[in-house]
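# Coordinate inspection notes
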Amino acid sequence: MISAVIFDLDGVIVSTDEYHFQAWKELAKELGIDFSREDNSRQRGVSRMESLEVLLEKTEQTFSNDEKLAMAEKKNSIYRDLLDRLSPDQILPGALNFAEESRKLGLKIAVGSSSRNTPFILKKIGLSDYFDAVADGNDIQRSKPDPQVFLIAAERLAVRPAECLVVEDADAGVEAAKAGGMFALALGAAKGHPGADLRADSLERLSIEKLLRELG
Ligand code: G6P
Ligand code: MG
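Residues numbered from 1 in each chain as written. Chains lettered and ligands numbered in written order. Predicted model: local features only at pLDDT ≥ 70, side-chain atom pairs only at ≥ 80, totals over all residues. Heavy atoms only, no water.

### Considering the UniProt feature "active site" (unreviewed entry) in the protein
Listed under "active site" (unreviewed entry) in the UniProt record, and renumbered for this structure, are Asp 8 and Asp 10. Looking at the secondary structure, you find Asp 8 in the loop between strand S1 (4-7) and helix H1 (17-30). Owing to a relative accessible area of 5%, Asp 8 belongs among the buried residues under this scheme. Discounting chain neighbours no more than four positions away, the residues touching Asp 8 are Ile 13, Gly 112, Ser 113, Lys 144, Val 167, Glu 168 and Asp 169. A distance of 3.0 Å separates polar atoms of two side chains, one belonging to Asp 8 and the other to Lys 144. Secondary-structure assignment places Asp 10 in the loop between S1 and H1. (UniProt positions renumbered as here; feature names shortened; annotations may be inferred. Helix = DSSP H or I, 4+ residues; strand = E, 2+ residues; numbered from the N terminus. Buried < 20%, exposed > 50% of the residue type's maximum accessible area, 1.4 Å probe, protein only. Contact = heavy atoms within 4.5 Å. Polar contact = N/O pair within 3.5 Å; in protein donor to acceptor, adjacent residues only side chain to side chain.)

### Details of the coordination of the magnesium ion (ligand 2)
The magnesium ion (ligand 2) binds to the protein through Asp 8 (OD), Asp 10 (O) and Asp 169 (OD); the donor distances cover 2.0 to 2.2 Å. Each donor residue of the magnesium ion (ligand 2) belongs to the same chain, and together they define the spacing D-x1-D-x158-D. This pair shows no difference in class: Asp 8 is buried, exactly as Asp 10 is. (Donors = N, O, S within 2.8 Å, 3.2 Å for Na, K, Ca; no water.)

### Here's the deal with the domain arrangement of the protein
Along its sequence, the protein is carved into domain 1 (4-15 + 90-215) and domain 2 (17-83). With 17 residues of domain 1 at the interface, the matching set in domain 2 holds 14 residues. Buried surface at the junction of domain 1 and domain 2, summed over both partners, amounts to about 1200 Å²; 48% is from carbon and sulfur atoms. Considering only the side of domain 1, the residues that lose the most area to domain 2 are Ser 15, Asn 117 and Phe 120, jointly responsible for 36% of the buried surface there. The tally of links between domain 1 and domain 2 comes to eight residue pairs in polar contact (both at pLDDT 80 or more). (Domains from an automatic or database assignment. Buried area = accessible area lost by both parts, 1.4 Å probe.)

### Concerning the packing of aromatic side chains
Here a ring pair, both rings aromatic, is described through the centre-centre distance and the interplanar angle of the planes. Going through the model one piece at a time under the given rule, you end up with four aromatic pairs. Measuring from centroid to centroid gives 6.0 Å for Phe 21 and Phe 35, while their planes differ by 25 degrees, and the two rings are stacked. One end of the pair, Phe 21, is in helix H1; the other, Phe 35, is in the loop between H1 and helix H2 (37-41), with 14 residues separating them in the sequence. Classification of Phe 35 by relative accessible area gives buried; the value is 1%. Three or more aromatic residues joined by ring pairs make a cluster, and in this case those are Phe 7, Phe 98, Tyr 130 and Phe 131. The cationic tip of Arg 80 hangs over the ring face of Phe 120; the distance from NZ or CZ to the ring centre is 3.9 Å. Above the face of the Tyr 130 ring, Arg 103 is positioned so that its terminal group lies 5.2 Å from the ring centre. (Phe/Tyr/Trp six-rings, centres within 6.5 Å; stacked < 30°, edge-to-face > 60°. Lys NZ or Arg CZ within 6 Å of the ring centre and 35° of its normal.)

### With respect to the environment of Leu 127
Within the fold, Leu 127 resides in the loop between helix H6 (118-124) and strand S3 (133-135). For the pair Leu 127 and Gly 137, spaced ten residues apart in sequence, the C-alpha separation works out to 17 Å. Setting aside chain neighbours within four positions, we find Leu 127 in contact with Ile 13, Ile 91, Leu 96 and Leu 122.

### With respect to unusual backbone geometry
Of note, the amide linkage connecting Lys 144 to Pro 145 takes the cis form, showing an omega dihedral of 20 degrees. Tracing the backbone shows Pro 145 in the loop between S3 and helix H7 (148-157). For Ala 158, which is not glycine, the phi torsion reads 60 degrees and is therefore positive. Examined against the element boundaries, Ala 158 turns out to sit in the loop between H7 and strand S4 (164-168). One non-glycine residue, Arg 205, lies in the positive phi region at around 60 degrees. The topology assignment puts Arg 205 in the loop between strand S6 (198-200) and helix H9 (208-215).

Below, the structure written as structure tokens:
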């Protein structure tokens, strides 16, 4: 029986994934790298440094660790400038309804995100105190597809992994949920992932009650 819903943040609760893309694209331009949305989709759910490696696969140039750290820092500063524009208006359609409906059914709700900017983003969209628990990139040593962030969220909610439904828009996130012994609802880009238990285009007009019946 499901007793908790763990939401990914970027691309599930809020449309920051577009800002990630713009920031990486700007860094790529400086490095003379042609960076596409397809490349960007492989960065979904993975940590900042691993995302940088995805981008650097597209160049023959080699860089020292310090240079890579400086690049990641640069991307993050471009990204933080974009995040400054964030407001509750950028909460994705259906996300709050889905969370509210989960609450009404007696489920606990949490965020499980690889992003170290999670506290800042939640503050900008007015949801700092909204969730029963938050686990993010500041809590983990291994990012998705490792299940660590979701397992920490479940522990903070005091529920067993098998009682959790993870909502994800990234293949790496669906894999993390399954590796953690949880159920996965795959949205958007992750919809085609064979490991998903449930699928939808987005949270818009989606009913958790109906999905739970589908899970049986
Ligand atoms: C999320 C995004 C990834 C991003 C990661 C780290 O999982 O989907 O694209 O790389 O967070 O984000 P950060 O804000 O810490 O750079
Ligand atoms: Mg995401």
